[in-house]
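Chain and residue survey
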Amino acid sequence: MPDAARRPPSRLSQLAVVVGLMLAVVAPTAAANVPPSFTRTNVVRIPALGNRADGTLTTSVAFGDTTATAAASTGNSIGLGAGFDFRLRTCVAYHLNATKPISSCAERHVDTRTNAAAVYTYAPAITLSNQPRPTTQSWGYFTAYTDVLYLSSGAWLTSAHSWPDNGLQGAGIAVAAQGATSATLPANATTALDGAFTSAIASGQPDSICTAAPSGPDGSTLPAGVRASDPAYAGAPAPYEIGLPAGAYAGQTPRGIMLIIHGGAWMATGAGLVQSMRLDADRWRARGWMTVNLSYRACGQSAADALWFYDKTRAAVGAGARICALGTSAGGHLALMLGAFRPDVYCVVSQAGPTDLVSAEGEVAYDAASGGHSQTNGGRFVHNLGVAAFGAENLSWFSPAALAGGTLNRVRVLQAFSADDPLVPYGQAADLATAMHAANPSAYVDDVQLAAGTLPFAHGRVTQAALDGFHARELQLADPGDAFALAPR
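A quick note: this is a predicted structure, and the numbers were derived from the prediction, not measured.

Confidence in the prediction for the chain averages 92 pLDDT; 91% of positions are at 70 or higher. The secondary structure element of the chain with the lowest average pLDDT is helix 1 (residues 3–6), at 38, and the one with the highest is strand 15 (residues 257–261), at 99. This model gives residues 482–489 a pLDDT under 50, and the stretch forms 25 contacts once residues within four places in sequence are excluded.

This part takes up helix 9 (residues 427–439). End to end, helix 9 covers 19 Å across 13 residues, agreeing with the expected 18 Å (1.5 Å per residue, within 8%). The complete set of buried residues in helix 9 reads Q428, A429, L432, A433, A435 and M436. The arc that holds every buried residue of helix 9, seen down its axis, measures 165°, which confines them to one face. Facing away from the buried side of helix 9 by more than 90 degrees, the exposed set consists of T434 and A438.

Among the nonpolar cores identified, the biggest contains 59 residues, and L259, V292, L338 and V413 are the most heavily contacted of them. Here this core takes seven residues from helix 7 (residues 330–341), the largest share from any one element. Dropping the residues within four chain positions of it, V292 is found in contact with Y233, E241, I242, I257, M258, L259, I260, F309 and T313. Counting residues in hydrophobic clusters, the runner-up holds 25 residues, among them F86, V92, I126 and F142.

On to the packing of helix 6 (residues 302–317) against helix 7, then. Where helix 6 meets helix 7, the closest approach of the two axes is 9 Å, and the angle between their N-to-C directions is 65°. Between helix 6 and helix 7, the interaxial angle falls into the category roughly perpendicular. Here the hand of the crossing between helix 6 and helix 7 comes out right-handed. For the pair formed by helix 6 and helix 7, the contact residues are S302, A303, A306, L307 and Y310 on the first element and L334, L338 and F341 on the second. Split into classes, the residues belonging to the contact of helix 6 with helix 7 amount to seven nonpolar, one polar and no charged.

As a further point, take the state of the cysteines. Tallied over the full model, the rule gives three disulfides. Disulfide partner of C324: C347, at an S-S distance of 2.0 Å. Taking the torsion about the sulfur-sulfur bond, which here is approximately 115°, the covalent link between C324 and C347 counts as right-handed. Placement of C324 in strand 18 (residues 323–328) and of C347 in strand 19 (residues 347–351) is noted, with a sequence separation of 23 residues between them. Take C324: its relative accessible area is 1%, and that puts it in the buried class. On the basis of relative accessibility, which here comes to 0%, the residue C347 falls in the buried class.

A few words on the packing of aromatic side chains. Going through the model one piece at a time under the given rule, you end up with 15 aromatic pairs. Arranged with centres 5.8 Å apart and planes meeting at 80°, the rings of F84 and Y150 form a pair that is edge-to-face. Here the residue F84 occupies a position in the loop between strand 4 (78–80) and strand 5 (85–96), and Y150 occupies one in strand 9 (residues 140–152), the gap between them amounting to 66 residues. With a relative accessible area of 35%, F84 lands in the partly exposed category. Centre to centre, the rings of F457 and F470 are 5.3 Å apart; their planes meet at 80°, and the pair counts as edge-to-face. Here F457 is found in strand 24 (residues 452–457), whereas its partner F470 is found in helix 10 (residues 464–478), with 13 residues between them in sequence. The buried category is assigned to F457, whose relative accessible area is 4%. Under the relative-accessibility criterion, F470 is labelled buried at 1%. Clustering of aromatic rings is evident, with ring pairs tying together Y233, Y240, W308 and F309. Cation over ring: R108 sits above Y122, and NZ or CZ is 3.8 Å from the ring centre.

Before going further, it helps to spend a moment on the sheet that holds strand 15. Sheets are built from strands that pair by backbone hydrogen bonding, the pairs being arranged parallel or antiparallel. Taken together, the eight strands give an open sheet; going across it, the order is 13-14-17-15-18-19-22-23, and neighbouring strands pair in mixed fashion. The open sheet is flanked by strand 13 (226–227) and strand 23 (445–450), the only strands paired with a single partner. With five bridges connecting them, strand 15 and strand 18 associate as parallel partners. The partner of I260 across the bridge, within strand 18, is L326.

A full pass over the atoms with the stated rule returns one cavity of 30 Å³ or more. Considering only enclosed or pocket space, the largest cavity measures out at about 50 Å³ in volume. Taken together, P223, V226, E241, G243, R278, A281, D282, R285, T291 and N293 make up the full set of residues lining the largest cavity. For the lining of the largest cavity, the secondary-structure elements that each account for two or more residues are strand 14 (240–243), helix 5 (278–285) and strand 17 (290–294). With four residues, the single largest contributor to the lining of the largest cavity is helix 5.

Cut-offs applied
- Residues numbered from 1 in each chain as written.
- Predicted model: local features only at pLDDT ≥ 70, side-chain atom pairs only at ≥ 80, totals over all residues.
- Heavy atoms only, no water.
- pLDDT = per-residue confidence, 0-100.
- Helix = DSSP H or I, 4+ residues; strand = E, 2+ residues; numbered from the N terminus.
- Contact = heavy atoms within 4.5 Å.
- Expected span 1.5 Å × (residues − 1).
- Buried < 20%, exposed > 50% of the residue type's maximum accessible area, 1.4 Å probe, protein only.
- Arc of directions from axis to C-beta.
- Core = buried A, V, L, I, M, F, W, Y, C linked by side-chain atoms within 4.5 Å.
- Axes fitted to C-alpha atoms, helices over the stretch in contact; angles between N-to-C directions.
- Parallel < 35°, antiparallel > 145°, perpendicular 65-115°, else oblique.
- Left-handed = near helix turned anticlockwise from the far one by under 90°.
- Nonpolar A, V, L, I, M, F, W, Y, C, P; charged D, E, K, R; others polar.
- Disulfide = S-S within 2.5 Å.
- Phe/Tyr/Trp six-rings, centres within 6.5 Å; stacked < 30°, edge-to-face > 60°.
- Lys NZ or Arg CZ within 6 Å of the ring centre and 35° of its normal.
- Pairing = 2+ DSSP bridges.
- 1 Å grid on protein atoms, 1.4 Å probe; cavity = no way out; pocket = protein on both sides within 12 Å on 5 of 7 lines; lining within 4 Å.
- Points joined across faces, edges and corners; volume = space filled by probe spheres on them.

Structure below.
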């Protein structure tokens, strides 16, 4: 045998063999890191008929090493009676702790008004793919839900639904952390609404699912001096309109830029909502301001999109320009969030915008049913909508009052609520004012409750005198002063 063959192996080669043996023994296989698929079945039931079964929703979760995918479907199991116009909806949502919930939803119409007998059909099947399994997060879970709505006197009412009596514990599927094979669900939400269950989709019910409610354009033409696109906003995440100064200021250098942000529970989005804010935009254009009337993507993406429009505006007009934001309801909240995250926001006009999504559930709002007495159902509704959009564990990061110690206390703020607002408690204005003054005793924050009347304002109605007074406060807030060097676009 040649000498080379009898030579003992080198130290390096010996080490390689040992390491290889160790890896073979201790390295986990892919299968050991992947839980088995899990399937849950929920009964679709009819509350008006004693929760009689009307089909089933089957949800299956398949796992990969680092991700999980959920698929939900009903098959042709749902019975629909003759003589109605129906909507069948399915949603699958995923919530990873310390991140914003996401969802995928679909619906289909089934018209049985000309049918002679009941039919069996399906709700849309939904798949939400490749969601990250927890790593350092304490939990992650899917929620699936189906409901059947029928049209009655112009309103869509719930006929049947799959939400179980034990809520999230019965509708959710926990996702095991990477490297684990089992998991548990977080506790059910406890902020209940008055009255019967309505839906787990965009309803404000505990553990409900936030999803987009898009609104298309109404077919109206753009007002003079307004355009629906601009190179400065190329790649915008949502529809918008740019308005130039109007009336006596037409053709002049803008005195400021006002971002106009619609409401809609962080779910209503689209060109139709932009159009609904044109009166606010027109008011500021007539004052010599340029307006950016914007929409946003729904739910947890809303705040990031509002910031996107602000940043693009700032880049277009430069550091010396005065930029303010006006929003209604959820839009007021987003306008305040701009002030919390951008130090060069000059002023914010919040028309009934929530400021503390945590405390809202315990604060009182107007109760029309009892002639004006207080109720907390509106605040609980707002709280639950915030939870659905941003996650309960994230509410402080999306509550302007909790962020007032940063840049927001240096922003000039006007908060206005109608005295008959049944949803957002007027106490939300005090929450923000208190927090701003605690951080900056000289903070400018002007709160006003407008007398109830007949003119629409956010969630209520106000008198003409109250509305005129609010508009005067807007001018005092904005104090545009001299025009800055911004050429008309």
